[in-house]
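Listed below are the residues making up each chain.
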Amino acid sequence: MALKELVANRILKEILVPICKSGEWKVLILDKTTTRVVSACCRMHDVLATGITLVEAIEKRREPLPNMEAVYIISPTESSVKKLIEDLDSTNDALYMGAHIFFSHACPQPLMNRIASAKIAKRKIRTLKEADIAFLPYESSVFHLDCPDALLEFYTPGSTKIDVLQLVPLQVASLCAFLGQYPDVRYRGAHHRTKELAVSIQTKLDDYKSENKSLGSNQGVCELIILDRGFDVISPILHELTYQAMIQDLLPIENDVYRYHADTQGGTREKEAILDESDELWVEYRHQHIAQVSQLASKQLQAFLEAKKLKKLDASKASVKEIHRLIQKAPQYQEELERYSRHIYLAGDCMGQYQETIKELCIVEQDLVIGSDSQGDAIADPMQRIMNTVFDRKIRCIFSFKTNSSQLILE
């Protein structure tokens, strides 16, 4: 089962359904972090179907509902726990009749003590558990920790922000516990902080193991490999020419949604493409080279038209307007035809942006990284190549040249 589905099952079937008994409506309270987790995995319709009547943010002022219990799915942070205690405090008007509390990962002992010392905590708290969902599922086998400043903090001595070596181990251990894994932890030894991180993760895993002796016993051998960015400094600098990477790099994507204007039979219309795993073509195309995607989408559209005995169309030159004409003639195939139309348009837009903006730049980047041109000849004057090709985008090329300068000098 995909990671998103597993997290959705944890939230809906293991947390909300058992708490929201038949006929008893509840309020769901989330903080900023858990809102992103729930939004990534669950549709609002599915959440409401469990018996939730209202979803609110813990950070905002809320209307009292003293005849209703609340389900809190929050991260165990100073700010969220403070708001939770304010909700429980008897000096305030009763917000809710009771509280079912689920932390995204293990709550630090000082914060647990503060909750326990709340005046009517024992009378108000019905449930207090860890959900082990302190990570953000992005795709079926991809997650991230929602720490955009982690790279900066990891390499900055004496950083005063959230300590990566404290937060990340909790999140990674939470993921392993969620998956029922107790992995062997391995790390790249070239950077001293990867060892610190590995030791800290192992400590958190041992804590989970001490509470659940069966953790990992029913699973096969699992390894957790920790690499720092120094393992490969070049890849993030180069322009990636696979479909998903090009879309993110060159097109105006917001929350995995691409809005564009397409010429249709009825004139120019605004359309949107939601790039997620509900689209089978997106799953098939996303990691392929852009040139392969353009050809494959056209071939598959042509095969679909032939299979359905629809009007023949030169799919390699098909426009959104022509495909829209087909949809009007065969509305029963609207969903399939629009899906092909969307990806043909996206691939074409990517290629157009590539030709206009980064084609020459990509050639220079590859030459600098390899140390030779497409004919195999050594680059005699790398800086001259950079100055002849790029202006406002030269930073990537200069960095690539600096990183591989020893190779270039040797040749």
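Residues numbered from 1 in each chain as written. Predicted model: local features only at pLDDT ≥ 70, side-chain atom pairs only at ≥ 80, totals over all residues. Heavy atoms only, no water.

**Observations concerning the overall build of the chain**
No. 1: Along the chain, the regular secondary structure elements total 17 helices and 12 strands.
No. 2: Expressed as a percentage of the 411 residues in the chain, the buried residues total 44%.
No. 3: Long-range contacts, defined as pairs at least 24 residues apart, comprise 73% of the intrachain contacts of the chain with a sequence gap of at least 6. (Helix = DSSP H or I, 4+ residues; strand = E, 2+ residues; numbered from the N terminus. Buried < 20%, exposed > 50% of the residue type's maximum accessible area, 1.4 Å probe, protein only. Contact = heavy atoms within 4.5 Å.)

**As for helix α12 (residues 290-307)**
No. 1: With 18 residues, α12 extends 26 Å from end C-alpha to end C-alpha; this agrees with the ideal 26 Å at 1.5 Å per step.
No. 2: Those residues of α12 that fall on the buried side of the exposure criterion are Ile 290, Val 293, Ala 297, Ser 298, Gln 300, Leu 301, Gln 302, Phe 304 and Leu 305.
No. 3: Looking one or two residues beyond α12, the residue adopting positive phi is Lys 309, at roughly 55°. (Expected span 1.5 Å × (residues − 1).)

**Some details on the pattern of salt bridges**
No. 1: Applying the stated criterion to the full structure yields 16 salt bridges.
No. 2: Ionic pairing is found between Lys 26 and Glu 69, a salt bridge with its closest N-O pair at 3.9 Å. Highlighted residues: Lys 26 in strand β1 (residues 26-30) and Glu 69 in strand β3 (residues 69-74), separated in sequence by 43 residues.
No. 3: We classify Lys 26 as buried; its relative accessible area is 2%.
No. 4: A salt bridge links Asp 279 to Arg 339, with the shortest nitrogen-to-oxygen separation between them at 3.8 Å. Linking Asp 279 in the loop between β12 (267-274) and α11 (280-285) with Arg 339 in helix α14 (residues 334-370), this pair joins segments that are 60 residues apart in sequence. (Salt bridge = Lys/Arg side-chain N within 4 Å of Asp/Glu carboxyl O.)

**Section: the sheet that holds strand β4 (residues 99-103)**
No. 1: Spatially, the five strands line up as an open sheet ordered β2-β1-β3-β4-β5, and their pairing is parallel. The sheet is open, and its two edges are formed by β2 (52-57) and β5 (125-130), each paired on a single side. On average, each strand axis in the sheet is tilted by 15° relative to the strand beside it, whichever way the strands run. (Pairing = 2+ DSSP bridges. Axes fitted to C-alpha atoms, helices over the stretch in contact; angles between N-to-C directions.)

**Considerations on a nonpolar patch on the surface**
No. 1: On the surface, a cluster of nonpolar side chains totalling about 330 Å² of accessible area is made up of Ile 225, Leu 227 and Phe 231.
No. 2: Secondary-structure assignment places Phe 231 in the loop between β9 (223-226) and α10 (243-250).
No. 3: Under the relative-accessibility criterion, Phe 231 is labelled exposed at 53%. (Patch = residues over 30% accessible without salt bridge, like charges linked within 9 Å, V, L, I, M, F, W, Y side chains within 5 Å. Areas by Shrake-Rupley, 256 points an atom, 1.4 Å probe, with all protein chains shown as cover.)

**With respect to the packing of aromatic side chains**
No. 1: One pass over the full model with this rule turns up six aromatic pairs.
No. 2: Relative to Tyr 96, the ring of Tyr 72 lies with its centre 6.4 Å away and its plane at 80°, an arrangement referred to as edge-to-face. Pair noted here: Tyr 72 is in strand β3 and Tyr 96 is in the loop between α4 (78-88) and β4, with a separation of 24 residues, a long-range link. Comparing Tyr 72 with Tyr 96 shows no difference in burial state: the two are buried.
No. 3: Ring centres 5.6 Å apart and planes at 55° place the aromatic pair Tyr 243 and Trp 282 in the tilted group. Taken as a pair, Tyr 243 in helix α10 and Trp 282 in helix α11 lie far apart in primary sequence, 39 residues in all. Considered together, Tyr 243 and Trp 282 belong to a single accessibility category, that of buried residues. (Phe/Tyr/Trp six-rings, centres within 6.5 Å; stacked < 30°, edge-to-face > 60°.)

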